[in-house]
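Given next are the chains, with one letter for each unit.
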Amino acid sequence: MAKYLDLRTQYNKNDLIEAAEFIKNGKLVLFPTETVYGIGANGLDSNAVKSIFVAKNRAGDNPLILHVSSIDMVDTIAKDISPLEKKLMNDFFPGPLTIILKRKDIVPNVVTANLDTVGVRMPSNKIARDLIELSNTPIAAPSANISGRPSGTNIQDIFNELNDKVDYILDGGETKIGLESTVIRVINDKIHILRPGKITYEDLSKYAEVIIDEHILGSLKENDKILSPGMKYKHYAPNTKCMLIYSDDKEKLLEEMKKLENENTLIITNNNNVNLFQNAIGYGTSLEEISHNIFKLLRQIDKHNKELIIIEGVKPEGLGLAIMNRLIRACSHNYIKL
Ligand code: AMP
Ligand code: MG
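What you see is a predicted model; the values in this text were computed from it and never measured. (Residues numbered from 1 in each chain as written. Chains lettered and ligands numbered in written order. Predicted model: local features only at pLDDT ≥ 70, side-chain atom pairs only at ≥ 80, totals over all residues. Heavy atoms only, no water.)

**Q** Got a minute to help me understand the packing of helix α1 (residues 17-24) against helix α6 (residues 126-135) in this structure?
**A** Packed helices, taken two at a time, are described by the angle their axes make and the gap between the axes. Close contact between α1 and α6 brings their axes to 8 Å; oriented N to C, the two are set at 55°. Overall, the two elements α1 and α6 adopt an arrangement that is oblique. Pair α1 / α6 crosses with right-handed handedness. Here α1 contributes Ile17, Ala19, Ala20, Ile23 and Lys24 to the contact with α6, which in turn contributes Leu131, Leu134 and Ser135. Considered class by class, the residues forming the contact of α1 with α6 number six nonpolar, one polar and one charged. (Axes fitted to C-alpha atoms, helices over the stretch in contact; angles between N-to-C directions. Helix = DSSP H or I, 4+ residues; strand = E, 2+ residues; numbered from the N terminus. Parallel < 35°, antiparallel > 145°, perpendicular 65-115°, else oblique. Left-handed = near helix turned anticlockwise from the far one by under 90°. Contact = heavy atoms within 4.5 Å. Nonpolar A, V, L, I, M, F, W, Y, C, P; charged D, E, K, R; others polar.)

**Q** Before we go on, may I ask you to explain the site of ligand 1 in this structure?
**A** Neighbouring ligand 1 are 17 residues; Asn62, Thr117, Ser143, Ser228 and Gly230 lie closest to it. Here an oxygen atom of ligand 1 sits 3.2 Å away from a polar atom, N or O, in the side chain of Arg195. When isolated, ligand 1 has an accessible area of 500 Å², and the protein chains bury 94% of it. Here the shell around ligand 1 gets three residues from one element, more than from any other, and that element is strand β7 (residues 117-121). In terms of residue class, the shell around ligand 1 is made up of nine nonpolar, six polar and two charged. (Near = heavy atom within 4 Å. Polar contact = N/O pair within 3.5 Å; in protein donor to acceptor, adjacent residues only side chain to side chain. Areas by Shrake-Rupley, 256 points an atom, 1.4 Å probe, with all protein chains shown as cover.)

**Q** Would you take a moment to explain the sheet that holds strand β14 (residues 265-269) for this structure?
**A** Hydrogen bonds along the backbone pair up the strands of a sheet, which may run parallel or antiparallel. Across the sheet, five strands lie side by side as β15-β14-β16-β13-β17; this open sheet has parallel pairing. One side of each edge strand has no neighbouring strand; the edge strands of this open sheet are β15 (280-282) and β17 (335-337). The mean inter-strand angle of the sheet, taken between neighbouring strand axes irrespective of direction, is 20°. Contacting β13 (241-246), β16 (308-312) and β17, helix α11 (residues 319-330) runs over the sheet at an angle of about 140° to β13. (Pairing = 2+ DSSP bridges.)

**Q** I'm lost on α11 in this one. Help?
**A** Each α-helix winds once per 3.6 residues, and so residues spaced three or four apart point in a common direction. The end-to-end C-alpha separation of α11 is 17 Å, in line with the 16 Å expected for twelve residues at 1.5 Å each. Across the twelve residues that make up α11, a large majority, twelve, are buried. Residues of α11 that are buried include every one of Leu319, Gly320, Leu321, Ala322, Ile323, Met324, Asn325, Arg326, Leu327, Ile328, Arg329 and Ala330, and no others. Elements in contact with the buried residues of α11: β11 (190-195), β12 (210-212), β13, α10 (287-300), β16 and β17. A positive phi of about 50° marks Ser332, the residue just after α11. (Expected span 1.5 Å × (residues − 1). Buried < 20%, exposed > 50% of the residue type's maximum accessible area, 1.4 Å probe, protein only.)

**Q** What is the right way to look at the nonpolar core in this model?
**A** Within soluble globular proteins, side chains that are nonpolar tend to cluster in buried spots. Ranked by internal contacts, the top residues of the largest apolar core, which has 64 residues, are Leu30, Val74, Leu88, Leu131, Leu170, Ile191 and Leu204. With 36 residues, the next largest nonpolar core counts Val36, Leu244, Tyr246 and Val314 among its residues. (Core = buried A, V, L, I, M, F, W, Y, C linked by side-chain atoms within 4.5 Å.)

**Q** What am I meant to see in the pattern of salt bridges here?
**A** Should the charged atoms of two oppositely charged side chains come close, the side chains can pair. In the structure shown here, the tally under the stated rule is 18 salt bridges. A salt bridge links Glu174 to Lys296; the nearest nitrogen and oxygen atoms lie 2.7 Å apart. Of this pair, Glu174 sits in the loop between β9 (168-171) and β10 (182-187) while Lys296 sits in helix α10, and the two are 122 residues apart along the sequence. Owing to a relative accessible area of 29%, Lys296 belongs among the partly exposed residues under this scheme. (Salt bridge = Lys/Arg side-chain N within 4 Å of Asp/Glu carboxyl O.)

**Q** Explain the pairing of strand β6 (residues 97-103) here, please?
**A** Looking along a regular strand, one sees side chains alternate from face to face of the sheet. Burial within β6 is extensive, with six of its seven residues counted as buried. Pairing between strand β5 (residues 78-79) and β6: two bridges, direction antiparallel. From the neighbouring strand, Ala78 faces β6, where its bridge partner is Arg103. Examined bridge by bridge, β6 and β10 share four bridges and lie parallel to one another. Residue Leu97 lies in a different strand from β10, and its bridge partner there is Thr182. Inspection of the sheet shows β6 paired to β7 by four bridges, in the antiparallel sense. Each residue of the ladder has a partner; that of Lys102, found in β7, is Thr117.

Okay, here's the thing in C-alpha cells:
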C-alpha cells in the first residue's frame, strides 16, 4: 500500500519533501507530468531503477527516460551535445520533448538498456520539476502503467493497477496533454521522430530536416533495424478487440462505419458524430481534446462488454500523428485506410 498525497487543489513545494526523501532512499514515487503520470526512481541508482522494471513488468531492453529539472542537470548525464540539440533544448525545455543524447558513464546501464545513448526530458509540470529538484538527482520515469496497458493520465485510472507496486503516490489531477512526450534523435543534423507527441513534425521542421520513422504508423517487420526499442512492444491495448478506420473523405468514412456497426460493436468517434450511431461514445472534437481523452477511454472500453470496438481515425498531421500512432498500436495494427 503506497502513501498517498492529494495535491489536486492546493500545492506547495514543501509538500514534496517527503516524496523527495523516498526518491533519495531508492523508493518508487508515482508523480504527474504534463504528458502522463510517471513511475519515478533515482535515475542514478541501479537498484532503484531495477525496481521500476519489476513494478511495470517492463522488458529489460526497453530503456527509460531521465527527467531533469535544469539544463545544468542535462550536462551531468549527457555529452557531445551538438548546437542543434542545444537549440532544441533551449526552445522546448521544459516541455513534452525527449531528446536522445550520448550518455555519460554515470548513467547506469539498466536505465539505457546498455545503449550508449540516454533519453532526456525536462517536464514543465511544476510538481514533477520540484520533485526532481528536491531529490537532487535525475529521475528515471516511464509512463505509469503495467507494460502493454494504456498510460495513466489520472490516479483513479491506475490506482488499483499500481497502488501495491509503488511506495508513494502524488495526485496532481488529470494530466494536461494526455499522450507521452515526442521522442527525437538528431543524426547528422537531421531530426528523427521516434515517437510522435505534442511537439509535432511541423514544430520541429523549423529547425532542421525532420524524418518520421517508418515504424510510427507502419508495423515492424522481421530484421528491421529500429532506433528505439519501445517501437517493438505491444502498447496501449484494451482486452477487447479494436479496429481503427480512417479516410480523408469524411462522408465515406462515416458511411463505412455505419455499415460496420451492429449490436456487438461500440463506436468511438468525434463528439459531433455520436448521434449518427446506435452505440457510440465521443472522444472529443479537437485533436487536443482527443489526445487528452484517449487513454482514459481505452481504459474504459472493456467495461462495455462488446465484441469489437470501432475507432474513427484522425488525419495523421500535427498532433494527429501522435494520436494515430497510439490508436494503431491500441488496435494491434488492425487498421483500415479507405
Ligand atoms: P516510456 O518510458 O513509457 O515513456 O517510453 C519511453 C520511450 O522512449 C520508449 O519507447 C523507449 O524505447 C524510448 N527510449 C528511451 N531511451 C531511449 C534511447 N536511449 N534510445 C532510443 N529510445 C529510447
Ligand atoms: Mg510507456
